[in-house]
Amino acid sequence: MPLEELEGENFFTSSVQYVEPYRSWLIDYCKSWGSFLSSPESWNKEYEELMMQQEKLGMTKRWYEDPSNWKSFNDFFARHLKSPDQRPIASPEDNSIVTSPADCVPQGAWDIDEESYIITDEKLAVKSRVFNSIRNLISPQSPYCDAFAGGVFYHAFLNANDYHRYHFPVSGVIKELRVIPGDDALGGTVTWEPGLQQYVVDCNVPGWQSIETRGLAIVENEQYGLVAAMPIGMSQVSSVNFEPNLKVGDRVEKGDMLGYFLFGGSDFVIVFQKKAAFELQSPKAADGNYQHILMGEKLGTMTAKANEQLQ
């Protein structure tokens, strides 16, 4: 439950996880836990046999590499696919088709106004940060922080059951590549549900990502402009990692490997420029919510003409 004593103290939520010295202790604890999960002591044959039986993890579908490659829990968590054909890339030669960068559930797409704010009901300001500010999300230190005014913000949630490697959703040339440290907070808005007698995380509302550790990979597509692909770490450890061979100036193709998450929940954000006119077209279920999709499946389209200039 939110703590009444912390109301009005300019925390993202009224939670002790933002209060010193507990905040610093929690960050240190999470890093220590992450180190353990990358050690041989975190994995054994019994764990492997148990995981290989888990249908919810997709282990019975034979999607993944040989388990002999897993020497730690994090090796298992960030497991590779057995081969690229386990996740075919939709329309690889068509630059207008954006593909899902990860196995995930899309949460939606929001327009960005001309001042680089995600258009939502309110602009939530906490301390020096406005949570639906694209400028703050991408970081004022980036030369591209104001380049997405008038564009579109998209985000999706990855469950712990999902394939936790992520790929480029579009083709182009890498213009920026870096990890932005965060507060190792939970992500989303946490509320207590009396009927369920448990806490529930709501990740639908955009903006909370700007307090999380996040990666920033900005790709320039010759037809549709800049596209920011942003893996977001959330919930405990969730480290954000890029493939070590990637560097600014590289040409990448849609579906190429971008990086991976280690243990924890995760989110993925894509930000499009106004020029791209991105439209989310992921399928919905009968209840109106977006269905779970796999990496490489069609996410939506960019409809700008090749010769259109940025406004």
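Treat the numbers as computed from the prediction; the structure is a model and nothing was measured.

**With respect to the packing of aromatic side chains**
If you walk through the whole model with that rule in mind, you get 17 aromatic pairs. Relative to Tyr29, the ring of Trp25 lies with its centre 5.4 Å away and its plane at 15 degrees, an arrangement referred to as stacked. On the criterion of helical spacing, the pair formed by Trp25 and Tyr29 is a turn pair, its members being four residues apart in helix α1 (residues 22-37). You can call Trp25 partly exposed: its relative accessible area is 48%. On the accessibility criterion, Tyr29 (44% relative accessible area) is partly exposed. Ring plane angle 70 degrees and centroid distance 5.9 Å describe the contact between Phe77 and Phe263, whose orientation is recorded as edge-to-face. A residue pair is termed long-range when its members are at least 10 positions apart, and Phe77 in helix α3 (residues 73-77) and Phe263 in the loop between β14 (257-261) and β15 (266-272) qualify at 186 residues. Classification of Phe263 by relative accessible area gives partly exposed; the value is 25%. Among the aromatic side chains, those forming a connected cluster through ring pairs are Trp43, Tyr47, Trp70, Phe73, Phe76, Phe77 and Phe263. Directly above the ring of Tyr64 sits Arg79, whose terminal nitrogen or CZ lies 4.5 Å from the centroid. The ring of Trp63 has Arg87 sitting right over it, with the charged end atom 4.0 Å from the ring centre.

**Topic: α1**
Look at α1: 22 Å from first C-alpha to last across 16 residues, which is about the 22 Å you get at 1.5 Å a residue. Along α1, the residues classified as buried are Leu26, Ile27, Cys30, Gly34 and Leu37. Projected down its long axis, α1 carries its buried residues within an arc of 100 degrees, all on one side. Exposed residues lying more than 90 degrees from the buried face of α1 are Lys31 and Ser35. Its buried side turned inward, α1 meets α3.

**Overview of the environment of Phe73**
Residue position: Phe73 is located in helix α3. Taking C-alpha positions, Phe73 is 6.2 Å from Ser38, a pair spaced 35 residues apart along the chain. Here Phe73 is in contact with Leu37, Ser42, Trp43, Met51 and Phe263, once residues within four sequence places are set aside.

Conventions and cut-offs
- Residues numbered from 1 in each chain as written.
- Predicted model: local features only at pLDDT ≥ 70, side-chain atom pairs only at ≥ 80, totals over all residues.
- Heavy atoms only, no water.
- Phe/Tyr/Trp six-rings, centres within 6.5 Å; stacked < 30°, edge-to-face > 60°.
- Helix = DSSP H or I, 4+ residues; strand = E, 2+ residues; numbered from the N terminus.
- Buried < 20%, exposed > 50% of the residue type's maximum accessible area, 1.4 Å probe, protein only.
- Lys NZ or Arg CZ within 6 Å of the ring centre and 35° of its normal.
- Expected span 1.5 Å × (residues − 1).
- Arc of directions from axis to C-beta.
- Contact = heavy atoms within 4.5 Å.

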